[in-house]
Amino acid sequence: MEKAEAYIEAHKERFLEELLGILRIPSVSADPAYKQEVQRCAEAVRDRLIEAGADKVEICPTAGHPIVYGEKIIDPDLPTVLVYGHYDVQPPDPLELWASPPFEPVIKDGQIYARGSADDKGQFYMHVKALEVMLKNDGLACNAKFMIEGEEEVGSDNLALFVKENKDRLKADVVLISDTAMIANDVPSINTGLRGLSYLEVEVTGPNRDLHSGVYGGAVANPINVLCDLISSLHDKDRRITIPGFYDRVVELSDAERKALAEAPFDLEEFKRDLGIEEVLGEKGYSSDERSTIRPTLDVNGIWGGYIGEGAKTVLPSKAFAKISMRLVPDQKSAAISKLFKEHFERIAPPYVNVEVRPHHGGEAAVTPTDSVAYKAASLAMEETFGKAPIPTRGGGSIPIVALFEQELGLKTILFGFGLDSNAIHSPNEHFGVFNYIQGIRAIPRFYKHFAAVSNGKS
Ligand code: BES
Ligand code: MN
Ligand code: MN
């Protein structure tokens, strides 16, 4: 690995420049206005994969945004790593809260500031550069396949189809994904779980038109007031979710498992300080870390209705809306939970309003084993790179495609993430450490080396 280390050191600046080039393309998958930019980003990813030495690189069109595929098969008898990542990004708004424009990346105090720097351009690009590093130095220890999609942030619907239709092409021994965070730069960790998701929109309708809030107010139900009542009834005083059946399939962790997870350092005071809050809130009986990883949640992501412009307008609105997400844990099923929500919400709606519940995307939770050869390889690679063995932790976010890889391809995933929770993903001023980017590029070839060795029983 010494040759590889020297190569990385010598080419570091270019590795950064190339990433900045990718970050300059506003590949916002949610907004149709950016469709051409998403396509342009796919083309850039294709070109960079070819330059790095991948074969059979192609842009695979879908009904939505394209998937970029490439591979390097050096010996069919060697194990194969399937790298997954996403080149699409979240919308950058609110723009006025960015210190520098989201698609004009700058490096400040060792951090790369741009939308997508940590989620996930900076992280998937580590794999492209690691491929170059391996091919230019010690060679590949395993075969590699790359599948970089453009619709992760909008639910990966077309990727799910692509996976089902390309099972042969995607044959591999493990999936390797860098799209999660570690505990800290001096406390490496590996995510061993992701939460599932149910996302819905509700519409509450009262009177057939907006009304003068003086002429009618007090005599007619206000749908915004009603929506607020309905939403607050979804949690009880212990912050448990009141939807009947919601917890039925939740896998409770044993005391031993909870104790093991609690080994990971978590500083509650630092957590509060970082967020500027005096106190935390969550389900009774669980720690903050547990509440955000191994427990299911229900949150309003957006709420609107009535007059929200400048100044005041006296109006009793006809309609109120909210977007609601539920984070799920094993063995809750996204479709079943969405159905429970819809039935409950319709049942509790009072007779003076009409409610409509529309499901958006969803996905299943996933847990990855820590006793696999792949986990062992990942752990060794991290230990060599950081000088410390990584701590297994459960993550709170969702990557729905992970459960699908297991279901359709029979593959387990290694969540080889190098970000930090403080990277402000999905927020203004998203950033990714130059240190983290380079550590990732250093660790990935070590994963290949150990995965090949462990798979052969040589480590
Ligand atoms: N990379 C994130 C997921 C993530 C972040 C997992 C941090 C663990 C730690 C991913 O891009 C993401 O944002 N996923 C969405 C779900 C998707 C269906 C929109 C999410 O978790 O909200
Ligand atoms: Mn991501
Ligand atoms: Mn994301």
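In this text the structure is predicted, and so the values were computed from the model without any measurement.

K.L.:
Would you mind showing me how to read the coordination of the manganese ion (ligand 3) here?
P.N.:
Under perfect tetrahedral coordination by four donors, a metal shows angles of 109.5 degrees; under perfect octahedral coordination by six donors, it shows angles of 90 or 180 degrees. The coordination sphere of the manganese ion (ligand 3), as far as protein atoms go, consists of Asp-119 (OD), Glu-153 (OE), Glu-153 (OE) and His-426 (NE2), spread over 2.1 to 2.6 Å. Note that the manganese ion (ligand 3) binds 6 donor atoms; their angles at the metal cover 55 to 155°, and the shape is irregular. The sequence pattern formed by the donor residues of the manganese ion (ligand 3) is D-x33-E-x272-H. The manganese ion (ligand 2) is placed at 3.6 Å from the manganese ion (ligand 3), the two being bridged by Asp-119. Highlighted residues: Asp-119 in the loop between β5 (111–113) and α3 (121–136) and His-426 in the loop between β18 (419–420) and β19 (431–433), separated in sequence by 307 residues. Classification of His-426 as partly exposed rests on a relative accessible area of 39%.

K.L.:
Can you walk me through a nonpolar patch on the surface in this structure?
P.N.:
On the surface, a nonpolar cluster with roughly 390 Å² of combined accessible area is contributed by Phe-266, Leu-268, Phe-271, Leu-275 and Ile-277. Following the sequence through the fold, Phe-271 ends up in helix α7 (residues 268–275).

K.L.:
Got a minute to help me understand the packing of helix α1 (residues 2–23) against helix α12 (residues 434–455) in this structure?
P.N.:
For any two helices packed against each other, one specifies the inter-axial angle together with the distance between the axes. Between α1 and α12, the least distance of the axes is 11 Å, while the angle of their chain directions is 125°. Overall, the two elements α1 and α12 adopt an arrangement that is oblique. With respect to the hand of their crossing, α1 and α12 are arranged in right-handed fashion. On the side of α1, the interface is formed by Glu-5, Ile-8, Lys-12, Phe-15, Leu-16 and Leu-19, while α12 contributes Val-434, Tyr-437, Ile-438, Ile-441, Arg-442 and Arg-446. Residue composition of the contact of α1 with α12, grouped by class: 8 nonpolar, no polar and 4 charged.

K.L.:
I tried to follow the coordination of the manganese ion (ligand 2) on my own but got confused; where do I start?
P.N.:
Coordination of the manganese ion (ligand 2) by the protein is provided by His-86 (NE2), Asp-119 (OD), Asp-179 (OD) and Asp-179 (OD), with metal-donor distances spanning 2.0 to 2.3 Å. Considering all 6 donor atoms around the manganese ion (ligand 2), the spread of angles at the metal, 57 to 167°, places the coordination shape in the irregular class. Donor residues for the manganese ion (ligand 2), ordered by position in the chain, follow H-x32-D-x59-D.

K.L.:
When you look at the sheet that holds β5 in this model, what are you seeing that I'm missing?
P.N.:
Within a sheet, adjacent strands bond to each other through the backbone by hydrogen bonds, running parallel or antiparallel. Read from one edge to the other, the open sheet built from 3 strands follows the order β4-β5-β19, with strand pairing classed as antiparallel. The sheet is open, and its two borders are formed by β4 (106–108) and β19, each paired with just one other strand. If you compare each strand with its neighbour and ignore which way they point, the axes differ by 30° on average. Both β4 and β5 contribute to a ladder of 3 bridges, which runs antiparallel. Residue pairing across strands places Val-106 opposite Tyr-113, the latter belonging to β5.

K.L.:
How do you make sense of the pattern of salt bridges when you look at a structure like this?
P.N.:
Here the idea is simple: oppositely charged side chains can pair when their charged atoms come close. The final tally for this structure, using the stated rule, is 34 salt bridges. In this structure, Glu-51 and Arg-48 form a salt bridge, with 3.0 Å as the shortest nitrogen-oxygen distance. Taken together, the residues span about one helical turn, with Glu-51 and Arg-48 both in helix α2 (residues 35–52) at a distance of 3 residues. Overall, Arg-48 belongs to the partly exposed group, its relative accessible area being 21%. Measuring nitrogen to oxygen at the nearest pair gives 3.6 Å for the salt bridge that ties Glu-71 to Lys-56. With Glu-71 in strand β2 (residues 67–72) and Lys-56 in strand β1 (residues 55–60), this pair connects stretches of sequence that are 15 residues apart. A network of salt bridges, in which partner residues are shared, links Glu-201, Glu-203, Lys-319, Lys-323, Glu-356 and Arg-358.

K.L.:
Help me understand the environment of Arg-249 in this model?
P.N.:
Topologically, Arg-249 is positioned in the loop between α5 (223–232) and α6 (255–261). Residues Arg-249 and Gln-332, 83 residues apart in the sequence, show an inter-C-alpha distance of 5.3 Å. The contact partners of Arg-249, leaving out residues within four places of it in the chain, are Pro-330, Asp-331, Gln-332 and Lys-333.

About the criteria used
- Here, residues in each chain are numbered from 1, in the same order as that chain's written sequence.
- The order in which chains are written sets their letters, starting at A; the order in which ligands are written sets their numbers, starting at 1.
- Per-residue local features are limited, in this predicted model, to residues with pLDDT of at least 70; the limit for side-chain atom pairs, both in listing and counting, is 80 or more; totals at the level of whole chains, interfaces and linings are taken over all residues.
- Here the side-chain values reflect all heavy atoms present in the structure, with hydrogen atoms and water set aside.
- Water is not part of the atom set, so a site may look incomplete; the donors themselves are N, O and S atoms within 2.8 Å of the metal, or 3.2 Å for Na, K and Ca.
- Angular criteria define each label, namely tetrahedral for four donors with all angles between 85 and 135 degrees, square planar for four and octahedral for six donors with opposite donors over 155 degrees apart and remaining angles between 65 and 115, and irregular for whatever fails these tests.
- Strands here mean DSSP runs of E at least two residues long; helices mean DSSP runs of H or I at least four residues long; both are numbered from the N terminus.
- We call a residue buried when its accessible area falls under 20% of the maximum for its residue type, exposed when it is over 50%, and partly exposed in between, using a 1.4 Å probe and counting protein chains only.
- What makes a patch is a set of residues exposed beyond 30% relative accessible area and free of salt bridges, joined within 9 Å when like-charged and within 5 Å when nonpolar (Val, Leu, Ile, Met, Phe, Trp, Tyr).
- Each accessible area value is a Shrake-Rupley result obtained with a 1.4 Å probe; residue values ignore everything except the protein chains displayed when judging cover.
- Every case where a carboxyl oxygen of Asp or Glu lies within 4 Å of a side-chain nitrogen of Lys or Arg is listed as a salt bridge.
- Geometry is summarised by axes, namely lines fitted to C-alpha atoms with helices restricted to the contacting stretch, and by angles between N-to-C directions that run from 0 to 180 degrees.
- Geometric relationships in this document are graded by angle, where less than 35 degrees denotes roughly parallel, more than 145 denotes roughly antiparallel, 65 to 115 denotes roughly perpendicular, and other angles denote oblique.
- The hand of a helix crossing depends on one turn: near helix anticlockwise from the far one by less than a right angle means left-handed, and clockwise means right-handed.
- Contact criterion: two residues are considered in contact whenever any of their non-hydrogen atoms come within 4.5 Å of each other.
- Charged residues are taken to be Asp, Glu, Lys and Arg, nonpolar residues to be Ala, Val, Leu, Ile, Met, Phe, Trp, Tyr, Cys and Pro, and polar residues to be all remaining types, Gly included.
- Whether two strands pair depends on DSSP finding at least two bridges between them.

On their own, these measurements won't tell you what the molecule is for.
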